Amino acid sequence: DIFLNNQSKSSMDLLRDIGQADQLTSTREENRVLQAKVKELTVRVHELLAENQSLKAEVELYRRECALPTFSKLTLGGNHNDDNIVGGETKGSFIDAMDDEIDD
């Protein structure tokens, strides 16, 4: 009876140890996969950060270009910010002023 009890206890211990070893192997494999994913995502983050910096520089360049009046608009007497402005007045206000003069 003691022999059977010890033998069944040994088989239970063995099964427990096998289960723990399987769990450890599974956890190690999962860890390996997750570490590879972290490396992949880290590379992607660095790529996106570099692209973001490049786009910020490009936007800043466009902002500077828009802040400077272009030669063609200056020669036409226009304002570089609004195509509806001619000679310092909006086209609408010029037409309104002419209508007022005609009505008077």
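Note that this is a predicted model, so its numbers are computed, not measured.

Caption draft 1: Highlighting the overall build of the protein. When helices and strands are tallied, the protein shows three helices and two strands. Burial statistics for the protein: of 104 residues in total, 1% are counted as buried. With the model as given, the accessible surface of the protein reaches about 9500 Å², and the carbon-plus-sulfur share is 59%.

Caption draft 2: Layout of the pattern of salt bridges. Overall, the coordinates contain seven salt bridges when judged by the stated rule. Here Glu 29 and Arg 32 are joined by a salt bridge, their closest N and O atoms 2.5 Å apart. Note that Glu 29 and Arg 32 are positioned in helix 1 (residues 2-67) at a spacing of three residues, about one turn of the helix. Residue class for Glu 29 comes out partly exposed when judged on its relative accessible area of 39%.

Caption draft 3: Layout of a nonpolar patch on the surface. A cluster of nonpolar side chains, Leu 14, Leu 15 and Ile 18, forms an exposed patch at the surface whose accessible area comes to about 300 Å². Here Leu 15 lies in helix 1.

About the thresholds
- Residues numbered from 1 in each chain as written.
- Predicted model: local features only at pLDDT ≥ 70, side-chain atom pairs only at ≥ 80, totals over all residues.
- Heavy atoms only, no water.
- Helix = DSSP H or I, 4+ residues; strand = E, 2+ residues; numbered from the N terminus.
- Buried < 20%, exposed > 50% of the residue type's maximum accessible area, 1.4 Å probe, protein only.
- Areas by Shrake-Rupley, 256 points an atom, 1.4 Å probe, with all protein chains shown as cover.
- Salt bridge = Lys/Arg side-chain N within 4 Å of Asp/Glu carboxyl O.
- Patch = residues over 30% accessible without salt bridge, like charges linked within 9 Å, V, L, I, M, F, W, Y side chains within 5 Å.

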